[in-house]
Amino acid sequence: DETDETDETDETDGLVFVRADIARIPFPQESIAGVHAGAAIHCWPDCRAAVAEIARVLEPGGSFCGTTFLSPRLPFADNKAQRQIDAVLREVSDAIAGPGGQRGFRQWNVLDLEELMVECGLVDFKADVRDPGFVFYAARKPKKWTEE
């Protein structure tokens, strides 16, 4: 039995594992019950495009959950102040990296994660901050309204 090394799928016990570009998931619209992105969103080059694509493939009521790194938390800052500080730090980092420069990965704050989910059409955002620098998050695609 020869296996094609370019095949990007692997089926195991009814599960299908697919390796693909997060901004171009190779599944039809509303065909996936859930997406998990463990320690990933901070590495995606275009987070908005990726989460919008996840929302596209999620079936109504489907869940998106993940984990990521939080920006260093200032003890005196509430979420709003932390968000403003993070924005300034990203601008400085972008200026240092220059046009098209690589910054490595993005550190997030809870409000920016929530805003991203909402902008991409997801609802019921929840975040559970662990340690000072790590967050579990989840949101879901709204169920379609049906006339009964």
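Remember, it's a predicted structure, so these values are computed and weren't measured experimentally. (Residues numbered from 1 in each chain as written. Predicted model: local features only at pLDDT ≥ 70, side-chain atom pairs only at ≥ 80, totals over all residues. Heavy atoms only, no water.)

Student: Honestly, the pairing of strand β6 (residues 134-140) in this entry has me stumped. Any pointers?
Tutor: In β6, alternate side chains face the same way, and those of Val-135, Tyr-137 and Ala-139 are buried while those of Phe-134, Phe-136, Ala-138 and Arg-140 on the opposite face are not. Relative to β6, strand β4 (residues 58-69) is paired through 7 bridges, and the arrangement is antiparallel. Residue Ser-63 lies in a different strand from β6, and its bridge partner there is Arg-140. Examined bridge by bridge, strand β5 (residues 123-130) and β6 share 6 bridges and lie antiparallel to one another. Following the sheet pairing, Val-129 is matched in β6 by Val-135. Hairpin connection, β5 to β6: the antiparallel pair is bridged by 3 residues, and Asp-131 has positive phi, about 50°. (Buried < 20%, exposed > 50% of the residue type's maximum accessible area, 1.4 Å probe, protein only. Helix = DSSP H or I, 4+ residues; strand = E, 2+ residues; numbered from the N terminus. Pairing = 2+ DSSP bridges.)

Student: Help me out: how do you make sense of the packing of helix α1 (residues 47-57) against helix α3 (residues 110-119) in this one?
Tutor: The relative placement of two packed helices comes down to the angle between their axes together with the axis-to-axis distance. Interaxial distance between α1 and α3 falls to 9 Å at its minimum, and their mutual angle equals 50°. In terms of orientation, α1 and α3 fall into the oblique class. Once α1 is placed against α3, the crossing between them reads as right-handed. Only Leu-116, Met-117 and Glu-119 of α3 make contact with α1, whose side of the interface consists of Cys-47, Arg-48 and Val-51. Looking at side-chain class alone, the contact of α1 with α3 contains 4 nonpolar, no polar and 2 charged residues. (Axes fitted to C-alpha atoms, helices over the stretch in contact; angles between N-to-C directions. Parallel < 35°, antiparallel > 145°, perpendicular 65-115°, else oblique. Left-handed = near helix turned anticlockwise from the far one by under 90°. Contact = heavy atoms within 4.5 Å. Nonpolar A, V, L, I, M, F, W, Y, C, P; charged D, E, K, R; others polar.)

Student: Looking at this structure, how should I read the packing of helix α2 (residues 79-97) against α3?
Tutor: Running from N to C, α2 and α3 point in directions that differ by 85°, and their axes come no closer than 8 Å. Regarding the angle of α2 to α3, the classification is roughly perpendicular. Contacts from Asn-79, Lys-80, Arg-83 and Arg-90 in α2 reach Leu-111, Asp-112 and Glu-115 in α3. Tallied by class, residues from the contact of α2 with α3 come to 1 nonpolar, 1 polar and 5 charged.

Student: I keep staring at unusual backbone geometry and nothing clicks. Help me out?
Tutor: With glycine set apart, most residues show a phi of negative sign, and most peptide bonds adopt trans. One non-glycine residue, Glu-30, lies in the positive phi region at around 55°. With respect to the secondary-structure elements, Glu-30 resides in the loop between β2 (15-18) and β3 (32-37). Even without glycine at this site, Ala-39 takes up a positive phi of about 45°. By secondary structure assignment, the location of Ala-39 is in the loop between β3 and α1.

Student: Can you walk me through the nonpolar core in this structure?
Tutor: Nonpolar side chains in soluble globular proteins tend to be buried together. Among the nonpolar cores identified, the biggest contains 27 residues, and Ile-41, Trp-44, Val-51, Phe-64 and Met-117 are the most heavily contacted of them. Of all elements in the fold, only β3, α1, β4, α3 and β6 reach the threshold of two or more residues within this core. Broken down by element, this core gets its largest block of residues, 6 residues, from α1. Once you skip the residues sitting within four places of it in the chain, Val-51 turns out to touch Ile-41, Trp-44, Phe-64, Leu-116, Met-117, Cys-120 and Leu-122. (Core = buried A, V, L, I, M, F, W, Y, C linked by side-chain atoms within 4.5 Å.)

Student: Looking at this structure, I do not really get the packing of aromatic side chains. What am I missing?
Tutor: Remark: the centre distance and the inter-plane angle together describe each pair of aromatic rings, the angle taken between the planes. Taken as a whole, this structure holds 3 aromatic pairs when the rule is applied. Taking the centre distance of 5.7 Å and the plane angle of 75° together, the rings of Phe-64 and Tyr-137 count as edge-to-face. Linking Phe-64 in strand β4 with Tyr-137 in strand β6, this pair joins segments that are 73 residues apart in sequence. Taken individually, Phe-64 and Tyr-137 each receive the classification buried, so the pair is uniform in this respect. Ring geometry for Phe-134 and Phe-136: centres 5.6 Å apart, planes at 90°, overall edge-to-face. A relative accessible area of 22% means that Phe-134 is categorised as partly exposed. For Phe-136, a relative accessible area of 36% gives the class partly exposed. Put simply, the rings of Phe-69, Phe-134 and Phe-136 touch in pairs and so form one group of aromatic residues. (Phe/Tyr/Trp six-rings, centres within 6.5 Å; stacked < 30°, edge-to-face > 60°.)

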